[in-house]
Amino acid sequence: QVQLVESGGGLVQAGGSLRLSCAASGRTFSSYAMAWFRQAQGKEREFVTAIRGSGTITYYADSVKGRFTISRDNAKNTVYLQMNTLKPEDTAVYYCAAATDRYSERLRLLAYNFWGQGTQVTVSS
């Protein structure tokens, strides 16, 4: 079992930056791939980015590539999402998720079974 708690959301103007954090419980954090998803009001939850347990491999949705950066600190059991050049269409609730890392499977297709409660990001135009 992994418990996840997100923080760092808020209101920012278009073009601005925010950094989200997700703190995980447990002793085996490095065995989990971590991901960020988001859900805008009235829309389905969508994949944003993910990172391998080792931190060496990342994957991004096209909509955020070049603007967002995922990273992790396994010593602190924390994953981060640095969001730059934010756009109004980035407005959503952002969720942190964890999956048992299986290198034979693609990051985006892992079974993300553990979820945080979400943090709201609002980008004003």
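Refer to the preceding data block for the structure.
Residues numbered from 1 in each chain as written. Predicted model: local features only at pLDDT ≥ 70, side-chain atom pairs only at ≥ 80, totals over all residues. Heavy atoms only, no water.

Trainee: It is not clear to me how the side chain of Glu 6 should be interpreted in this structure. Could you clarify?
Mentor: As for its position among the elements, Glu 6 is in strand E1 (residues 4-7). Salt bridges are absent for the buried Glu 6, whose nearest opposite-charge side chain, Arg 45, sits at 8.1 Å. Among the polar contacts listed, one links the side chain of Glu 6 to the backbone nitrogen of Cys 96, at a separation of 2.8 Å. Polar side-chain contacts of Glu 6 include one of 3.0 Å to the backbone nitrogen of Gln 117. Setting aside residues up to four positions removed in sequence, Glu 6 forms contacts with Ser 21, Cys 22, Trp 36, Tyr 94, Tyr 95, Cys 96, Gly 116, Gln 117, Gly 118 and Thr 119. (Helix = DSSP H or I, 4+ residues; strand = E, 2+ residues; numbered from the N terminus. Buried < 20%, exposed > 50% of the residue type's maximum accessible area, 1.4 Å probe, protein only. Lys, Arg positive; Asp, Glu negative; His and termini not counted. Salt bridge = Lys/Arg side-chain N within 4 Å of Asp/Glu carboxyl O. Polar contact = N/O pair within 3.5 Å; in protein donor to acceptor, adjacent residues only side chain to side chain. Contact = heavy atoms within 4.5 Å.)

Trainee: Is there a simple way to explain the sheet that holds strand E8 (residues 78-83) in this structure?
Mentor: The strands making up a sheet associate through hydrogen bonds between their backbones, and the pairing can be parallel or antiparallel. If you walk across this open sheet you meet the four strands as E1-E3-E8-E7, and the pairing is antiparallel. Looking along the sheet, the strands with just one partner apiece sit at the ends: E1 and strand E7 (68-73). On average, each strand axis in the sheet is inclined to that of its neighbour by 15 degrees, with strand direction left out of account. Pairing analysis gives six bridges linking strand E3 (residues 18-24) to E8, with the strands arranged antiparallel. Each residue of the ladder has a partner; that of Arg 19, found in E8, is Gln 82. (Pairing = 2+ DSSP bridges. Axes fitted to C-alpha atoms, helices over the stretch in contact; angles between N-to-C directions.)

Trainee: I'm lost on the pairing of strand E5 (residues 46-51) in this one. Help?
Mentor: Remark: a regular strand shows side chains that alternate across the two faces of the sheet. With five of six residues buried, E5 is to be regarded as a mostly interior element. Two elements, strand E4 (residues 32-39) and E5, share five bridges in a ladder whose sense is antiparallel. Along E5, the bridge assignment pairs Met 34 with Ile 51. Connecting E4 to the next strand, E5, in antiparallel fashion are six residues, including Gly 42 with a positive phi near 80 degrees. As defined by bridge partners, E5 adjoins strand E6 (residues 58-60) across three bridges and the pair is classed as antiparallel. Looking at E6, one finds that Thr 49 is bridged to Tyr 60.

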